[in-house]
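# Structure assessment
Spelled out from the first residue to the last, the chains are:
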Amino acid sequence: MLFRSASAAAEEAKAKPHQHQHEAYTDENFAVIISDLFFAGSETTSNTLEFAFQYMIQHPGVQTRVQAEIDAVIGRHRAPEYPDLARMPYTEATLLEIMRYSSVVPFVARVPREDVQLQLRRSGSGFSVPKETMVINNLHAVHFDVDFWGDPHVFRPERFLVPANDGEGVCPVKSSRTIPFGLGRRQCLGETLARASLFIYFATFLQRYTFEAWKEAPPKEGNGKRVGLTVAPLQYFAVLKHR
């Protein structure tokens, strides 16, 4: 129903091209935003979940720790809710590592409206980007920068955990180098929705099931990916055991 309403709004906006031209918020903009939220967000979230379950199969110790935290905070008798994540540091760290390691959106294109001067932090040198020049941001390279991460090709949620301020336990830390949703004013509009959806689906599945490799057709070694506008894992097989 929501998609039909958005589509209808878009058609009406096209039929009245001069209406609301002075407004930044129009029916057409609303329709496009809603479409972006659901169509773009559904594919990226789905792909990220596919990677997440694959990583749980490959790293059963991580899966066990996440399930233990789910049992302690949520239990087995109610559905996970997004506010639960604030009390689940290891699960949040695991989701951050999943998003970094999968890099479902490896590249983001931007076009500056005016000439821009950029300066590199490491070398101090600078260069200019003329207006209307397409700039491809390599998010994958940021997520796998050896100089920053040290061991970027190792799946290790602990990299996002630091001691809590009170000295008891740990808390998650969001690195400025983990940018699956991009940066700046054009940062992904659906980030909050995507993070909430990812946590709820991930926690719900691990609350009820344990993911294991199917012995007759185990996942291939490594982390093969199918690359397009977004990245998805190659086909793999899993056994879901009810907990």
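Look up a bit, the structure's there.
Described below are features of the structure shown in this document. (Residues numbered from 1 in each chain as written. Predicted model: local features only at pLDDT ≥ 70, side-chain atom pairs only at ≥ 80, totals over all residues. Heavy atoms only, no water.)

## Looking at a nonpolar patch on the surface
Test applied: Residues forming no salt bridge and having over 30% relative accessible area are the ones grouped into patches, like charges within 9 Å of each other and nonpolar side chains (Val, Leu, Ile, Met, Phe, Trp, Tyr) within 5 Å. Computed by Shrake-Rupley with a 1.4 Å probe, the accessible areas treat only the displayed protein chains as cover when residues are assessed. For this analysis, a salt bridge means a side-chain nitrogen from Lys or Arg found within 4 Å of a carboxyl oxygen belonging to Asp or Glu. By definition, any uninterrupted DSSP run of H or I lasting at least four residues is a helix, any uninterrupted run of E lasting at least two residues is a strand, and each is numbered from the N terminus. Here's how the labels work: a residue is buried when its accessible area is under 20% of the maximum for its type, exposed when over 50%, partly exposed in between, all with a 1.4 Å probe on protein chains only.
Taken together, the side chains of Phe107, Val111, Met134 and Ile136 present a nonpolar region at the surface, about 420 Å² in accessible area. On the secondary structure map, Phe107 appears in strand β1 (residues 107-110). With a relative accessible area of 46%, Phe107 lands in the partly exposed category.

## A closer look at unusual backbone geometry
Unlike most non-glycine residues, Ser103 shows phi in positive territory, near 45°. Relative to the helices and strands, Ser103 resides in the loop between α4 (89-102) and β1. Positive phi outside glycine occurs at Glu132, with the angle close to 65°. Examined against the element boundaries, Glu132 turns out to sit in the loop between β3 (126-129) and β4 (135-138).

## Concerning the pattern of salt bridges
Per the stated rule, a full pass over the model turns up 13 salt bridges. Between Glu158 and Arg65 there is a salt bridge, with its nearest N and O atoms 3.2 Å apart. Taken together, the residues Glu158 in the loop between α6 (146-149) and β5 (161-163) and Arg65 in helix α3 (residues 60-73) connect sequence positions 93 residues apart. With relative accessibility at 33%, the residue Glu158 sits in the partly exposed group. Judged by relative accessible area, which is 43%, Arg65 ranks as partly exposed. For Glu97, the salt bridge identified is with Arg100, shortest N-O distance 2.8 Å. Residue Glu97 and its partner Arg100 are located together in helix α4, separated by three residues, close to a single helical turn.

Geometric descriptors of this kind do not, in isolation, establish any biological role.
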